[in-house]
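Residue-level structural notes
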Amino acid sequence: MKFRDGMWFVKEGMKVEYAIEVSQENTEIRDEGKTVHLLCPTRSVKSRSGAIDTSALNLDITAHSPGIISIETTHWAGARRRGPFFQLYPHERPECQPAIKHGDGYISLSSGELTCKVNTETDNFGIEFSDQSHAHRKLTSFDFRSLGLAYSNPPTQSRSLAHSLDKVGCYIVAQLSMSVGEKIYGFGEQFTEFVKNGQRIRAFNENGGTSSEQAYKAIPFYLTNRGYGVFVDHTELVDFEVGSERSARCQFSVEGQRLKFYLINGPTPKDIIERYCLLTGRPSLPPAWSFGLWLSTSFTTNWNEESVEGFMTRMKELDSPVHTLHLDSFWMRRFRFCDFTFNNNVFNDPKSMIARLKSKFNVHICVWINAYIAQESPLFQEGMDNNYLIRRRNGDVWQWDYWQPGMGIVDFTNPAARKWYRSYLHKLVDLGVDSFKTDFGEDIPYIDAQFHDGSDPKKVHNYFAQLYNEAVFGVLKERFGEGKACVFARSATAGGQRMPCHWGGDSESTAVAMAETLRGGLSLSTTGFGYWSHDIGGFEGHPPADLYKRWVAFGLLSTHSRLHGSESYRVPWNYDDEACDVLRLFTKLKCRLMPYLYSQAVINAKTGVPILRPMFFDFGNDPTAWTLDRQYMLGDYLLVAPVFEASGQVEFYLPAGKWTRWFGSDKGHAGEVVEGPKWMEETYNMMSLPLYVREGSVLVLGQEGEGRVEYDYTTDVEIRCYNVTAEIERLVVDMEGNELGSVKLKGTKVEVPQAMKRWKAVDHAGNMLAEGK
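Thresholds applied
Residues numbered from 1 in each chain as written. Predicted model: local features only at pLDDT ≥ 70, side-chain atom pairs only at ≥ 80, totals over all residues. Heavy atoms only, no water. Axes fitted to C-alpha atoms, helices over the stretch in contact; angles between N-to-C directions. Helix = DSSP H or I, 4+ residues; strand = E, 2+ residues; numbered from the N terminus. Parallel < 35°, antiparallel > 145°, perpendicular 65-115°, else oblique. Left-handed = near helix turned anticlockwise from the far one by under 90°. Contact = heavy atoms within 4.5 Å. Nonpolar A, V, L, I, M, F, W, Y, C, P; charged D, E, K, R; others polar. Expected span 1.5 Å × (residues − 1). Buried < 20%, exposed > 50% of the residue type's maximum accessible area, 1.4 Å probe, protein only. Disulfide = S-S within 2.5 Å. Pairing = 2+ DSSP bridges. Phe/Tyr/Trp six-rings, centres within 6.5 Å; stacked < 30°, edge-to-face > 60°. Lys NZ or Arg CZ within 6 Å of the ring centre and 35° of its normal. Polar contact = N/O pair within 3.5 Å; in protein donor to acceptor, adjacent residues only side chain to side chain.

1. Describing the packing of helix α7 (residues 511-525) against helix α8 (residues 545-556)
The geometry of α7 relative to α8 is characterised by a closest axis approach of 11 Å and an angle of 15° between their N-to-C directions. Relative to α8, α7 is oriented roughly parallel. In the crossing of α7 with α8, the sense of the turn from one axis to the other is right-handed. Contact residues: α7 offers Ala511, Ala513, Met514, Thr517 and Leu518, while α8 offers Leu547, Arg550, Trp551 and Phe554. Of the residues belonging to the contact of α7 with α8, the class tally is 7 nonpolar, 1 polar and 1 charged.

In C-alpha cells:
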C-alpha cells in the first residue's frame, strides 16, 4: 500500500505523520532491563508549547533472544488488541542478557551480536541495526520519514472530536533502508519473480492459483542478502512495498494503531532461518512413507473402487512403485462435502476396501477434506445448532454458494467445534485412513463475520489456516505418534511449517507454470517450510507427454511427490510408454536416496533449514547464486536443475568446487567430475536431468532398483564418497528418524556406526574403499 506520491508529496486522500525525534526525558528502561521505551513526537519539540497538539509514537525495543530484537510501535494504546496472535517460541525461548548503553546522542540495546542503536539528538530521528560480529556492519536502519502513522480519508479539520472516525483508515507504516545491491526474498509461497525487489506483496491468503501475485501461503517474513530477516508479527493483512514506494526502502504497513516486527540477525541465510524457526516453530519430522510417490484419483475424474484397484494393479505390473493412494473429493457424495462419509455408490465397504488395498499394494491412504460444510451435509444442521459454524454479524450462519451450495465454514476458534470436527476424522482413521489432504482454507470471510471467541475477523482470515491444520494434524499425531503425522495442506501462515507437508496449489499444465511453481517453492522455503510438493504435470489442463515426463523428474526430486490433476488422470500410460519408464526410474531413484533424504529431514526438524532450498542458502558468498530460480539444492549435497524446454536443453550454474554428474548428457557421462564456478548449457534425454553431487559429499544410498521408501537404512547400503579430501562426519539415521551416529572418513579409512550391517563404501566412480559384513 502506497502512502506517498513520489519523494515529495503525500498521496491524495492520505495524511502521514512521521517520527521526527526521540524525547530524551521520556526514555525509560523496562521489562527488567530488556526493553528500551521511547516516545517519538511527529514534530520537533524545541519548547514546552511544541509538545501541545501533536501526535507521537511509542517505541518499545526489546531483546527477545540472542540475535533477535523486536520493535513495537504504538500510536493510540487504548485500541483493543483482539486476536488471534502467532504462537511464538513454541519449543523454547533461550535466555537473553541484553546490553544497554547510553552515549552522547544515542542509546543502544544489544541482543547477542545484534545491536539496535537509537539516535537521541534533537530533530534527528534514526535507528540503526548492526551485526557486532562483523565489525559492527550495518544491516538496515530507520532514516528520515521512515516510521510513522497514516490516515486515509482524514478529517478535514484538526479537531477530530467533531468528526466520526468510522470512515477514517488508520495505519502504522515502517520503511527499513535497503543498501546498494540488496536483494529481498520470501513472503511465503510467492509465484512472481523470485527476487522481490520492485514488487508489492500483500501477506493475505487468497485462492488465486500459481499464475498471479496472489498466494495460498502468504507469510509476513522476508530475508535479504545482507544478513538479516524481518518478521512482522501480525496475523492480519500486512502490506509490503519492496523498493516500490521508495526504491531504497522495504516498506510494510498494517491497519490499526500498532505495528510490531522482529529483526533477526544471520549472518547466513541458514542462520536467519534457524532463528526464525526458533521464533515461529520448527517443522515436525514427517514419516518416511510420506516421501514416496502419491497417486491421486484426481479431482473431477470418474472413478470407483474397481478403477482405483485397476490403477494400482497397472502400476504394480509396470514395476512403478506407489506409496500413498489419495482419494480426492468425490469419495463423498456430491453436494455433501464435507460429511466425512464414504459414498456407498462408489465404495460399498470402505473399511474392507482400505484394508485390501493396503494388504495387496502396501500403500498408505489419504483422503481429501476441507473446512466447508455444505448445507446438504447432515453436519450442517448439527454445526448450526451448536454454534460450530462462522456467523454473520446479525447472527445468521455465514453461507455462500461458492464451492458447495449453501456452504458454511467451521469456526475453529471454538474449542467445541474443533473437537466436533476432529471426532469425524478419528472415525476415518478407524477405517484405516493415514493422512488428510487439507484443501482450501483461504477464502475466509473477514468483513461481515463474527467468531466464537471474539477474534478480529481480519486477523482470523490468514490465521484460519493455522487453526485448521492444527486440528487435523493433531488428530494424526495423537493417533500415530511423534514423527508419524503428515497432512497435505494448501494454505498456511507463519508457523504452518510445524505441520508438514504443503503443496503448491493449482497450476496450469505448461512449462511456464512449472517454472512459476518452482519459484513458489523456493520462496516458501525462505520462510522456513521444510517440505513441499506440487501437482506433477500441472493441475489444470492436460500436459503434453514431454512436459509430463520433465515434471515427473522435478516432482520426484522434490521432498514430496504427487501425481494429481483436475479433469484427467496423471497415470503415465495416458501419455506413452516412455512416460512409464521415466516414472519408474525417478520413483526408484528417490527410494534409493531415502537414507540421505531422511537424514536431511532429521536435520531440518532440529534446525528448520529447509531441504529443498535456493542455491544462495549454501553459496551465499557467490553473487550469482542470489539470482538463481530455476535450480535448487536438495539437501546439503545434491544440485537439481529441472528441464523446462521440450528439446531437453537446459542452462544452469555450478558454483565453485568439484561436481559429479549423476546422469550423463550430450556434454558428459555419468560419474564425470566438472569444476565450478561454471555456467553449463546441455541437452538431456527424458530419462535424465542435471543432477550433480557436491564435492565433499557422503551419501548413504539404498540398493539400485529399490522400490520402497521404508526399509532398513543401515543394512545392504552403499556409502558413496564424492571428492572427499578432509576428515568429515555425516549423519546416519534409521527409517524412524533415530540418529545412529555418523559415517566418518579419515583419509581412506571409513568408520560407520555399529548399527550398520553389510555396507560398502565407494568413491564417486564406484571404486571400492571399504566394506563391512
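2. A few points about α7
Owing to its 3.6 residues per turn, the α-helix aligns residues three or four sequence positions apart on the same side. The end-to-end C-alpha distance of α7, which contains 15 residues, comes to 21 Å, matching closely the 21 Å that a straight helix rising 1.5 Å per residue would cover. For α7, the buried fraction is high: 13 of the 15 residues fall into the buried class.

3. Here's the deal with the state of the cysteines
Within the structure shown, the criterion is met by 0 disulfides. Looking at the unpaired Cys96, the closest cysteine sulfur is the one in Cys116, lying at 13 Å. A relative accessible area of 4% places Cys96 in the buried class. There is no disulfide at Cys170, and the cysteine sulfur nearest it, in Cys40, is 19 Å away.

4. Things to note about the pairing of strand β3 (residues 14-18)
Of all 5 residues in β3, 4 are buried; the element is thus mostly enclosed. Pairing analysis gives 5 bridges linking β3 to strand β13 (residues 147-152), with the strands arranged antiparallel. Across the sheet, residue Lys15 finds its bridge partner in β13, namely Tyr151.

5. A word on the pairing of strand β19 (residues 238-242)
Of all the 5 residues making up β19, 5 are buried; the element is thus mostly covered by neighbouring parts of the structure. Both faces of β19 are covered, namely the face carrying Val238, Phe240 and Val242 and the face carrying Asp239 and Glu241. Two strands pair when backbone bridges link them, and β19 and strand β20 (residues 249-255) are joined in this way by 4 bridges, in the antiparallel orientation. Among the inter-strand pairings, Glu241 is bridged to a residue of β20, identified as Gln251. Linking β19 to β20, which pair antiparallel, is a turn of 6 residues; within it Gly243 sits at a positive phi near 65°.

6. Brief notes about the packing of aromatic side chains
Taken as a whole and assessed by the stated rule, the structure comprises 58 aromatic pairs. Ring plane angle 45° and centroid distance 5.5 Å describe the contact between Phe652 and Tyr692, whose orientation is recorded as tilted. Of the two residues, Phe652 is situated in strand β36 (residues 649-661) and Tyr692 in strand β38 (residues 691-694); the sequence distance between them amounts to 40 residues. For the pair Phe652 and Tyr692, a shared accessibility class is recorded, and that class is buried. A network of ring pairs unites the aromatic residues Phe299, Phe330, Phe337, Trp368, Tyr372, Tyr402, Trp403, Phe440 and Phe539 as a single cluster. The positively charged end of Lys117 is found above the aromatic ring belonging to Tyr106, 4.5 Å away from the centroid. When the ring centre of Trp503 is taken as origin, the NZ or CZ atom of Arg562, which lies over that ring, is 4.9 Å away.

7. Points about helix α2 (residues 305-317)
Helix length check: α2, at 13 residues, gives a terminal C-alpha distance of 18 Å against a target of 18 Å (1.5 Å per residue), a fit within 8%. Check the buried side of α2 and you find it contacts β22 (293-296), β23 (324-327), α3 (350-361) and α9 (577-607). A distance of 3.1 Å separates the backbone nitrogen of Glu306 from a side-chain oxygen at the start of α2, and that oxygen is part of Asn304. Two residues or fewer past α2, Asp319 is found with a positive phi of approximately 55°.

Any functional reading would require information beyond the geometric quantities listed.
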